[in-house]
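# Examination of the molecular architecture
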Amino acid sequence: MGVMTSPASDSLKEIHLRLDTRIRSVDEPRWLSSRYATPEARTTLIILYAFYYELARVRLVVTDQTMGNIRFQWWRDALEELAQDKVRQHDVVLALAEEIRQKRLITTDLMLIIDEHEAAYLAYNRSLEPEDRLVQIAARICDAAADFDDRLMALAREWASRRRGENDSSLSAHLSVASRIRPAVAHLRLRHIWARQAEPSALQIRASILLAMLFGRV
């Protein structure tokens, strides 16, 4: 269950612009990395991240588990309805409809994200949130044929832990990644900055992501 709705007259381009603005506001590291993707891949990444954020924010707005379950089920129902050409008037659902129709996003992947977010919510354990699955899907958006290094999954979980300020985990060494998937993973390099300081400057964040894009070390 979400809060973003669109008048029927809104174009898909207008919806994409709203989602892009929202992700820049709530998830700047991923947004910055996505700037280096091709225009089509960038749009798909932003829609994926907007979907992920809608699920992640359930823990922020709902404390009752029954109501939380209802919100996660709302998203399952919305995805299932897309297969019947029923599209709910919600920015993220409207955007997802076209991505799924064009096979740039896969419903089963999105369902797994819902399931794993719900499991993390019910367990009160953010380490169970599917940060690793998100990175894997994002990498496939940038390059469907790329070989995905399983070590990136571990780095995604470590990145999320550092971002939350949980500095008890060990810090892995830099990992070299292929150029075509860098827009999906460049922000993972930030875990090294977060290990040193909780609130790096905007310049430090942008420089870190740029270095990851230039040299491929995250």
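I will try to describe carefully the structure that is included in this document. Fair warning: this is a prediction, and the values are worked out from it, not measured in the lab.

### Topic: the pattern of salt bridges
Evaluated as defined, the whole model comprises 22 salt bridges. With a shortest N-O distance of 2.8 Å, R101 and E98 are connected by a salt bridge. Here E98 and R101 lie together in helix 6 (residues 91-101), a separation of 3 residues that amounts to about one turn. A relative accessible area of 55% means that R101 is categorised as exposed. A salt bridge links R157 to D132; its shortest N-O distance comes to 2.7 Å. Placement of R157 in helix 9 (residues 151-163) and of D132 in helix 8 (residues 131-142) is noted, with a sequence separation of 25 residues between them. R157 gets classed as partly exposed once you look at its relative accessible area, which sits at 40%. The network of salt bridges with shared partners includes D27, R30, E131 and R163.

### Some thoughts on the packing of aromatic side chains
All told, the structure shown has 4 aromatic pairs when counted by the stated rule. Judged by centre distance (5.8 Å) and plane angle (80°), the rings of F51 and W75 are edge-to-face. Of this pair, F51 sits in helix 3 (residues 39-56) while W75 sits in helix 5 (residues 65-82), placing them 24 residues apart in sequence. Looking at F51, the relative accessible area reads 0%, which means it is buried. W75 gets classed as buried once you look at its relative accessible area, which sits at 1%. Aromatic pair W74 and W75: ring centres 4.9 Å apart, planes at 75°, arrangement edge-to-face. Its relative accessible area of 17% is what places W74 among the buried residues. Taken together through their ring pairs, the aromatic side chains of F51, W74 and W75 make up a single cluster. The ring of Y49 has R30 lying over it, and the distance from NZ or CZ to the ring centre is 5.7 Å. If you follow R88 out to its NZ or CZ, it ends over the ring of W74, 4.9 Å from the centre.

### Remarks on a nonpolar patch on the surface
There is a patch of nonpolar side chains on the surface, built from Y36, L210, L211, L214 and F215 and spanning about 490 Å² of accessible area. Note on placement: L214 falls in helix 12 (residues 202-215). A relative accessible area of 53% places L214 in the exposed class.

### What about the side chain of E118?
Relative to the elements of secondary structure, E118 occurs in helix 7 (residues 107-123). Reaching out from E118, the side chain makes a polar contact with the side chain of R76 at a distance of 2.4 Å. If we skip the residues at most four places from it in the chain, E118 touches N69, F72 and R76.

Analysis parameters
Residues numbered from 1 in each chain as written. Predicted model: local features only at pLDDT ≥ 70, side-chain atom pairs only at ≥ 80, totals over all residues. Heavy atoms only, no water. Salt bridge = Lys/Arg side-chain N within 4 Å of Asp/Glu carboxyl O. Helix = DSSP H or I, 4+ residues; strand = E, 2+ residues; numbered from the N terminus. Buried < 20%, exposed > 50% of the residue type's maximum accessible area, 1.4 Å probe, protein only. Phe/Tyr/Trp six-rings, centres within 6.5 Å; stacked < 30°, edge-to-face > 60°. Lys NZ or Arg CZ within 6 Å of the ring centre and 35° of its normal. Patch = residues over 30% accessible without salt bridge, like charges linked within 9 Å, V, L, I, M, F, W, Y side chains within 5 Å. Areas by Shrake-Rupley, 256 points an atom, 1.4 Å probe, with all protein chains shown as cover. Polar contact = N/O pair within 3.5 Å; in protein donor to acceptor, adjacent residues only side chain to side chain. Contact = heavy atoms within 4.5 Å.

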